[in-house]
Amino acid sequence: MNGDFARFAMQSKEITVAKLLVSAFAANGVKRMFGIPGGGSSLDIIQAAADIGIEFVLTRSENSAVMMAAATAELGGKPGVALMTKGPGIANAANGVAYAALDRAPVIILTDGFTSEQQKFVSHQVFDQQALLSPLVKRFTRLNTETGASEITALIELALTPPFGPIQIELTGDVARSQVATSDIKFTVAVASHATDKVGVAAAGNMLSDAVRPVVIVGLEARSEAITEPIKAFVEALRCPVLTTYKAKGVVADSHVQFVGNFTGGAAESECVSKADLIILCGVDPVELVLQKWRYSVPVLDIATRHHQPHYTSIDSGLYGSIANHLELLVHHCRQSAWSVGEVAALREQMLTALNYSVEDGIGPQQVITIAERETRARGLNPRITVDAGAHMFSALAFWRCHEPFDVLISNGLATMAFALPAAIAASLHEPDRLVIAVTGDGGLLMCLGELLTAVQQQARIIVIVMNDGSLSLIDIKQQQREMKSQGVRWNRPDFAQMMTGFGGRAFRVSDVADFQNALDAALLEQGPVVIDVLFDPRGYPQQMKALRG
Ligand SMILES: Cc1ncc(C[n+]2csc(CCOP(=O)(O)OP(=O)(O)O)c2C)c(N)n1
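Below is a short write-up of the structure. (Residues numbered from 1 in each chain as written. Predicted model: local features only at pLDDT ≥ 70, side-chain atom pairs only at ≥ 80, totals over all residues. Heavy atoms only, no water.)

1. Points about the packing of helix α11 (residues 225–238) against helix α13 (residues 323–330)
And then number 1: For the pair α11 and α13, interaxial distance at closest approach is 9 Å and the crossing angle is 25°. Classified by the interaxial angle, the pair formed by α11 and α13 is roughly parallel. In this structure, α11 crosses over α13, and the sense of that crossing is left-handed. For the pair α11 and α13, the contacting residues are Ala226, Ile227, Pro230, Ile231 and Phe234 in the first and Ile323, Ala324, Leu327, Glu328 and Leu330 in the second.
And then number 2: Its residues assigned to classes, the contact of α11 with α13 comprises nine nonpolar, no polar and one charged. (Axes fitted to C-alpha atoms, helices over the stretch in contact; angles between N-to-C directions. Helix = DSSP H or I, 4+ residues; strand = E, 2+ residues; numbered from the N terminus. Parallel < 35°, antiparallel > 145°, perpendicular 65-115°, else oblique. Left-handed = near helix turned anticlockwise from the far one by under 90°. Contact = heavy atoms within 4.5 Å. Nonpolar A, V, L, I, M, F, W, Y, C, P; charged D, E, K, R; others polar.)

2. Quick word on the sheet that holds strand β11 (residues 259–262)
And then number 1: Spatial strand order, β11-β10-β9-β12-β13-β14: six strands in an open sheet with parallel pairing. In this open sheet, the two strands that pair with only one neighbour each are β11 and β14 (317–320). With direction set aside, neighbouring strand axes in the sheet form an average angle of 15°.
And then number 2: Together, β9 (214–218), β10 (242–244), β12 (278–282) and β13 (300–304) form the strand contacts of α11, whose direction differs from that of β9 by roughly 160°.
And then number 3: Sheet strands in contact with helix α14 (residues 341–354) are β10 and β11, and its direction is about 25° off that of β11. (Pairing = 2+ DSSP bridges.)

3. Notes on the site of the ligand
And then number 1: The full set close to the ligand counts 18 residues, and Ala391, His392, Ala415, Gly443 and Gly444 are the nearest of them.
And then number 2: One nitrogen or oxygen atom from the main chain of methionine 417 is found 3.1 Å from a nitrogen atom belonging to the ligand.
And then number 3: At 3.0 Å, a backbone N or O of leucine 474 approaches an oxygen atom of the ligand.
And then number 4: The fraction of the free accessible surface of the ligand (580 Å²) that becomes covered by protein chains is 80%.
And then number 5: At the level of elements, α18 (442–447) and α20 (473–481) are the ones that each hand at least two residues to the shell around the ligand. (Near = heavy atom within 4 Å. Polar contact = N/O pair within 3.5 Å; in protein donor to acceptor, adjacent residues only side chain to side chain. Areas by Shrake-Rupley, 256 points an atom, 1.4 Å probe, with all protein chains shown as cover.)

4. Here's the deal with empty space enclosed by the protein
And then number 1: Applying the stated rule across the entire model yields two cavities of 30 Å³ or more.
And then number 2: Roughly 50 Å³ of internal volume is contained in the largest cavity.
And then number 3: Taken together, Phe263, Gly265, Gly266, Leu289, Gln292, Lys293, Trp294, Arg295, Tyr296 and Tyr312 make up the full set of residues lining the largest cavity.
And then number 4: The residue makeup of the lining of the largest cavity, split by class, is five nonpolar, three polar and two charged.
And then number 5: Of the pockets and cavities examined, the second largest cavity occupies roughly 30 Å³.
And then number 6: Around the second largest cavity sit Leu435, Arg461, Ile462, Ile463, Ala523, Leu524, Glu526, Gly528 and Val530, which together line it. (1 Å grid on protein atoms, 1.4 Å probe; cavity = no way out; pocket = protein on both sides within 12 Å on 5 of 7 lines; lining within 4 Å. Points joined across faces, edges and corners; volume = space filled by probe spheres on them.)

5. Examining the pairing of strand β5 (residues 107–111)
And then number 1: For β5, the tally of buried residues reaches five of five residues, placing the bulk of the element in the interior.
And then number 2: In β5, alternate side chains face the same way, and those of Val107, Ile109 and Thr111 on one face and Ile108 and Leu110 on the other are all buried.
And then number 3: Strand direction decides the pairing type here: strand β4 (residues 80–84) and β5, joined by five bridges, are parallel. Looking at the pairing, alanine 82 lines up with isoleucine 109 of β5.
And then number 4: Note on the crossover from β4 through helix α5 (residues 88–102) to β5: the handedness is right-handed.
And then number 5: Inspection of the sheet shows β5 paired to strand β7 (residues 167–170) by four bridges, in the parallel sense. Among the inter-strand pairings, threonine 111 is bridged to a residue of β7, identified as glutamate 170. (Buried < 20%, exposed > 50% of the residue type's maximum accessible area, 1.4 Å probe, protein only. Right-handed = clockwise from strand over helix to strand, strands pointing away.)

6. Side note on the packing of aromatic side chains
How two aromatic rings sit relative to each other is set out by the distance from centre to centre and by the angle between their planes.
And then number 1: Per the stated rule, a full pass over the model turns up five aromatic pairs.
And then number 2: Ring centres of phenylalanine 263 and tryptophan 294 lie 6.0 Å apart, and the angle between their planes is 50°; this geometry places the pair in the tilted category. Residue phenylalanine 263 is located in the loop between β11 and α12 (270–273), and its partner tryptophan 294 is located in the loop between β12 and β13; the two are separated by 31 residues in the primary sequence.
And then number 3: Overall, the relative accessible area of 2% leaves phenylalanine 263 in the buried class.
And then number 4: Measuring from ring centre to ring centre gives 5.5 Å for tryptophan 294 and tyrosine 296, while their planes differ by 85°; the resulting arrangement is edge-to-face. (Phe/Tyr/Trp six-rings, centres within 6.5 Å; stacked < 30°, edge-to-face > 60°.)

7. Things to note about the packing of helix α15 (residues 365–378) against helix α16 (residues 392–399)
And then number 1: Here α15 crosses α16 at 35°, and the two axes come no closer than 8 Å. Along this stretch, α15 crosses α16, giving a crossing that reads as right-handed. Between α15 and α16, the contacting residues are Pro365, Gln366, Ile369, Thr370 and Glu373 on the first element and Ser395, Ala396 and Phe399 on the second.
And then number 2: Of the residues that constitute the contact of α15 with α16, the class distribution is four nonpolar, three polar and one charged.

8. Remarks on unusual backbone geometry
And then number 1: A cis geometry characterises the amide bond from proline 162 onward to proline 163, with omega recorded as -5°.
And then number 2: Tracing the backbone through its elements, the reader meets proline 163 in the loop between α8 (149–159) and β7.
And then number 3: Cis geometry is adopted by the peptide bond preceding proline 310, which originates at glutamine 309 and carries an omega value of 0°.
And then number 4: Among the secondary structure elements, proline 310 is positioned in the loop between β13 and β14.
And then number 5: Here the phi dihedral of alanine 415 falls at roughly 55°; this positive angle occurs in a residue that is not glycine.
And then number 6: Along the polypeptide, alanine 415 turns up in the loop between β16 (408–410) and α17 (420–430).

So this is what it looks like as structure tokens:
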């Protein structure tokens, strides 16, 4: 725990609940909070936070605020904090809270509430706020004047316990301003799991020894520095193909000779996985897999923080607890598989070719991604990308190469739209020197358009590439596949460049490779946010989706 924060809280015998709360946040690594305040406790918290050096970032919707807090938490491994008013504020936050729940982000949702006196006569803006979020949050607490530091610490600890997720704290202005004794100020949380299953390791070791052609699939729980090296050692000892889920991209670098491609639960990866005689899930949380049945019949070894249920497949052997510890023990049971480097390379090539989306005229999503990667790397930059939900994500995730965990941020548990822009802003604030490229559809950007102003206000170093096709393409494709009349999925393409200019930011509108290249050259010279509005023809999507999902 940071001593300054302890001193802050201990300066007097009594402090306000608002100060106690922000002291606990600060002690656990919170540097900024996101949200839209109401007139009650929010203002006390913002003030108390500012006094202790926690920045408050004003967003344009509560949904975005929670996503920003979640992205911050995912990147920093510390709790994220989103703050909003009661009633409409928390109602508008619900989708963001669903993101934090299903994309496993430890976020504290802090809202105003009604005092018990008020509850006797007020009905304006009143509904059961606990019930609203109860399927999503790990715990709900209404702070009161009896609240101690240990209670707050326990909440933070819970958010940081796998599966990471949101907790909801309700705090009225009266309570926020009331004084509590500082006698039990202890903010230290302890959540690292070192649990190892030695008996399970022996059984899993036998499976590994028997396997000739294992395949490793890496998932979101493996996105941690402590796990990166043990995973690398493990897969290299097996010398077998490795696939990663979208959220785990970079845990094993895309440039690694054993890397084949993304695992979504769809068709594209089945060419590789169906050749395996053992499937090893490593930190896979099934929340990321698409709505399709498990295609494989070979045994499954599951190495994860816990046994996830329901699961897409039945597990033949499971090792639950510390992923790193289990991998370090298992590596001694590994022997080199029968896969050859050439075979793996051919499978990787085959996957990329199947997802190919090149166009002769104009520009297509694949070119956008490959040019953006080539040009940024040529300048020695190592951008992080954030990707929205929609058909544009197929090219972004297939063709952008990741080298480290969190090189890409995506919603793949909830798979919500309107994520890429807020996440990009949060990522840029988290690591200001690292460029962030947000790849979004026009539908997704329209849902969070106001956050362009947040990006301008924060001078976030982001480039928002909007794949503007005047359509909810992912849904449009499904409508076409079902041979239905086109309705309810298209609109006239808006001019996002003009909108960004209206917000006071730089913007370009392009429709071919040369113009995109020029726009990118100019964008890379900027220090603040830039929008590149890419007009393109989405007719290549159905074939790409067929190749990916079958
Ligand atoms: C908040 C939310 N609403 C609806 C959906 C269902 N959905 C998934 S992708 C998609 C279309 C996205 O359109 P756009 O952002 O334009 O991207 P595109 O598919 O055109 O690339 C929809 C409606 C969702 N995932 N999230």
